[in-house]
Amino acid sequence: MSTLPICGEPATVRIELYTAYSLDACAYTCPAHTTHATALIARAGLDAHPVGLAPDVARPCGYVHVYATGTLAEPADQGHPRWCDRTDCQRRGEHRSRARHVNTNRPETFIVDVALVQALHPAAEPMVNLTSVEGSAAASLVLSIGQARVLRYRLAHLLGMAKAGPNGGRWV
């Protein structure tokens, strides 16, 4: 990324840089350097997706923001798994991903979140944490990656047996 053009003019384009399925960085360019920067990024083995820049964002041409959770992160940040949110790991005693809310877009009895967790010990393996909240009561279930994988297949099978499918907001 050190070879991107840097003219310092106000950027009008944000180029999203992806590796595999991960948004790893954003590069900002002026109109004169967008094509050249996109070609350089592609030659570096990254997928480049130019998008417009929000009017309230001010960046100079050549500015690159690397996401700490991406594959382009600095080696000093490698004490965390790629998926770690890097927030207060030492106090919590574990690495934790951003919680993903299980949202059905309908009112539900329980609020359910799912996240990856991993103890700080170097030999610890990642686990899947399901947290359920109802009112002021909360419960958590921690599964190994293997258990979570099997659960995924079991749920798909059960949903298939139930012939689950949207039908005007109802299950058929």
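Whatever comes next refers back to the structure up there.
Bear in mind the structure is a predicted one, so any value in this text is a computation, not a measurement.

1. Observations concerning the layout of surface pockets
Over the atoms, a rolled probe matching the size of one water molecule traces out where space is still vacant.
1) Next: By volume, the second largest pocket amounts to about 190 Å³.
2) Next: Forming the boundary of the second largest pocket are Val128, Leu130, Leu143, Ile145, Ala148, Arg149, Leu151, Arg152 and Leu155.
3) Next: Looking at the lining of the second largest pocket, the elements that each hand over two or more residues are strand 8 (127-134) and helix 3 (145-161).
4) Next: Taken together, the residues of the lining of the second largest pocket break down into seven nonpolar, no polar and two charged.

2. Thoughts on unusual backbone geometry
1) Next: Of note in this structure, Asp88 is not a glycine but carries a positive phi near 60°.
2) Next: Note on placement: Asp88 falls in the loop between strand 4 (64-66) and helix 2 (89-92).
3) Next: When its relative accessible area of 39% is taken as the criterion, Asp88 is described as partly exposed.
4) Next: Positive phi, close to 60°, is recorded for Asn105, a residue that is not glycine.
5) Next: Structurally, Asn105 can be placed in the loop between strand 6 (100-101) and strand 7 (111-119).

3. A word on the environment of Pro60
1) Next: Checked against the element boundaries, Pro60 lands in the loop between strand 3 (47-52) and strand 4.
2) Next: For the pair Pro60 and Cys7, spaced 53 residues apart in sequence, the C-alpha to C-alpha distance is 7.8 Å.
3) Next: In contact with Pro60, other than residues within four places in its own chain, are Gly8, Glu9, Ala11 and Tyr28.

4. Things to note about the packing of aromatic side chains
1) Next: Per the stated rule, a full pass over the model turns up one aromatic pair.
2) Next: Taking 5.7 Å as the distance between ring centres and 45° as the angle between the ring planes, the aromatic pair formed by Tyr28 and Tyr63 counts as tilted. Here Tyr63 lies in the loop between strand 3 and strand 4 and Tyr28 lies in strand 2 (residues 22-29), a separation of 35 residues in the sequence.
3) Next: In this structure, Arg152 packs its charged tip against the face of Tyr153, placed 4.7 Å from the ring centre.

The rules behind the values
Residues numbered from 1 in each chain as written. Predicted model: local features only at pLDDT ≥ 70, side-chain atom pairs only at ≥ 80, totals over all residues. Heavy atoms only, no water. 1 Å grid on protein atoms, 1.4 Å probe; cavity = no way out; pocket = protein on both sides within 12 Å on 5 of 7 lines; lining within 4 Å. Points joined across faces, edges and corners; volume = space filled by probe spheres on them. Helix = DSSP H or I, 4+ residues; strand = E, 2+ residues; numbered from the N terminus. Nonpolar A, V, L, I, M, F, W, Y, C, P; charged D, E, K, R; others polar. Buried < 20%, exposed > 50% of the residue type's maximum accessible area, 1.4 Å probe, protein only. Contact = heavy atoms within 4.5 Å. Phe/Tyr/Trp six-rings, centres within 6.5 Å; stacked < 30°, edge-to-face > 60°. Lys NZ or Arg CZ within 6 Å of the ring centre and 35° of its normal.

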